[in-house]
Amino acid sequence: MIGTKKRIFLAVTGASGSLYGEMFLQFLLTLECRIYLVVSDVGKQVVRFELTKSSHIGSLARIVSGQLIGEEKDKIRVFSDHDFFAPIASGTSSPDAMVLLPCSMGTVARIASGMSYSLIERAGDVMLKQQKQIILCPRESPLSTLHLENLLSLAKMGVSIVPLMPGLYQKPQTVEDMIQFSVGKVCEALGLSHEFYQPWNQKRS
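Residues numbered from 1 in each chain as written. Predicted model: local features only at pLDDT ≥ 70, side-chain atom pairs only at ≥ 80, totals over all residues. Heavy atoms only, no water.

Q: Sorry if this is basic, but what is going on with the overall build of the protein chain here?
A: From N to C terminus, the protein chain includes eight helices and six strands. Secondary structure elements of the protein chain occur, N-terminal to C-terminal, as β-α-β-α-α-α-β-β-α-α-β-α-β-α. The C-alpha atoms of the protein chain give 16 Å as radius of gyration, which agrees with the globular expectation for 205 residues (17 Å, within 12%). The principal-axis extent of the C-alpha atoms belonging to the protein chain is close to 50 × 45 × 35 Å. Classification of the 205 residues of the protein chain by burial places 48% in the buried group. (Helix = DSSP H or I, 4+ residues; strand = E, 2+ residues; numbered from the N terminus. Rg over C-alpha atoms; globule rule 2.2 N^0.38 Å. Buried < 20%, exposed > 50% of the residue type's maximum accessible area, 1.4 Å probe, protein only.)

Q: When you look at the side chain of Arg 62 in this model, what are you seeing that I'm missing?
A: Among the structural elements, Arg 62 can be located in helix H3 (residues 60-64). Owing to a relative accessible area of 3%, Arg 62 belongs among the buried residues under this scheme. Excluding its chain neighbours within four sequence positions, the residues that come into contact with Arg 62 are Lys 53, Ser 54, Ser 55, His 56, Ile 57, Gln 67, Leu 68, Ile 69 and Glu 72. (Contact = heavy atoms within 4.5 Å.)

Q: Just to check I follow, could you spell out the state of the cysteines for this structure?
A: Defined simply, a disulfide is a covalent bond joining two cysteines at their sulfur atoms. Scanning the model with the defined rule gives zero disulfides in all. Just so you know, Cys 33 is unpaired, no disulfide at all, and the nearest cysteine sulfur is the one on Cys 187, 11 Å from it. Judged by relative accessible area, which is 7%, Cys 33 ranks as buried. The cysteine Cys 137 is free of any disulfide, with Cys 103 supplying the nearest cysteine sulfur at 7.9 Å. Owing to a relative accessible area of 0%, Cys 137 belongs among the buried residues under this scheme. (Disulfide = S-S within 2.5 Å.)

Q: I would appreciate a short explanation of the environment of Gly 58 in the present structure.
A: Locating Gly 58 in the fold gives a position in the loop between helix H2 (41-50) and H3. A residue is classified by how much of its surface remains accessible, and Gly 58, at 0% relative accessible area, is buried. Sequence spacing of Gly 58 and Gln 26 is 32 residues, and the spatial spacing of their C-alpha atoms is 4.9 Å. Ignoring sequence-local partners within four residues, the contact set of Gly 58 consists of Glu 22, Leu 25, Gln 26, Leu 29, Ile 63 and Glu 72.

Q: What is the right way to look at the pairing of strand S5 (residues 133-138) in this model?
A: Here is the key point about a regular strand: its side chains alternate between the two faces of the sheet. Counting buried residues along S5, five of its six residues qualify, which places the element largely inside the surrounding structure. Taken together, the five bridges between strand S4 (residues 97-103) and S5 define a ladder with parallel strand orientation. Across the sheet, the residue bridging to Ala 97 is Gln 133, located in S5. Bridge count between S5 and strand S6 (residues 160-161): two bridges; the pairing is parallel. When the sheet's bridge partners are listed, Leu 136 is paired in S6 with Ile 161. In this fold, the crossover linking S5 to S6 by way of helix H7 (residues 145-156) has right-handed handedness. (Pairing = 2+ DSSP bridges. Right-handed = clockwise from strand over helix to strand, strands pointing away.)

Q: Explain the sheet that holds S5 here, please?
A: As a general point, the strands of a sheet are linked pairwise by backbone hydrogen bonds and lie either parallel or antiparallel. Overall, parallel pairing links the six strands, which are arranged S3-S2-S1-S4-S5-S6 in an open sheet. The strands lining the two open edges of the sheet, one partner per strand, are strand S3 (76-79) and S6. Where strand S2 (residues 34-39) and S3 come together, four bridges link them in parallel fashion. Note that in S3 the partner of Leu 37 across the bridge is Val 78. Lying on the sheet, helix H1 (residues 18-28) is in contact with strand S1 (7-12), S2, S3 and S4; it crosses S4 at an angle near 150 degrees. Sitting on the sheet, H2 touches S1 and S2, and the angle it makes with S2 is about 90 degrees. (Axes fitted to C-alpha atoms, helices over the stretch in contact; angles between N-to-C directions.)

Okay, here's the thing in structure tokens:
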């Protein structure tokens, strides 16, 4: 379980779904925690394609362009995906939790295979060997047998697999509502309280 004043590593990879990562980042900025942020090279391309750079706190498109504002400067440490000298590359300085949101199937495969060609992959390897919490959020459909085998391999190693599969029982009215559902599931996997949606059938409890 993750409380406040902890170190959380958010990795945004090249899968479609940058808005998931942005919304989760904005949520983390409301907590008293240290945020480590790495966006892969392809992830940056996807962010620029899917999101609009804005002045609001937690704008992923603006942050990947190198601009930090306000409380972002105090709470976020941004690293290049090629920076193997970053503290998160070492087991002696591994964060409390790592969230890959969204996570490409290529990243899944490389972490499952123990390959460390990037900082995200190296950090994933470190988190596994240190037996730290990893929340992996794949965004792909359909899934091949290889995808499923890689996800199963990581699940057997203790990784929490939280697919980006929005539920409909909350009766979402907007795309943002659907994104919030998945981000809420990530928060719950980390043991974080949130208000993204009401628990199922709460009125009957």
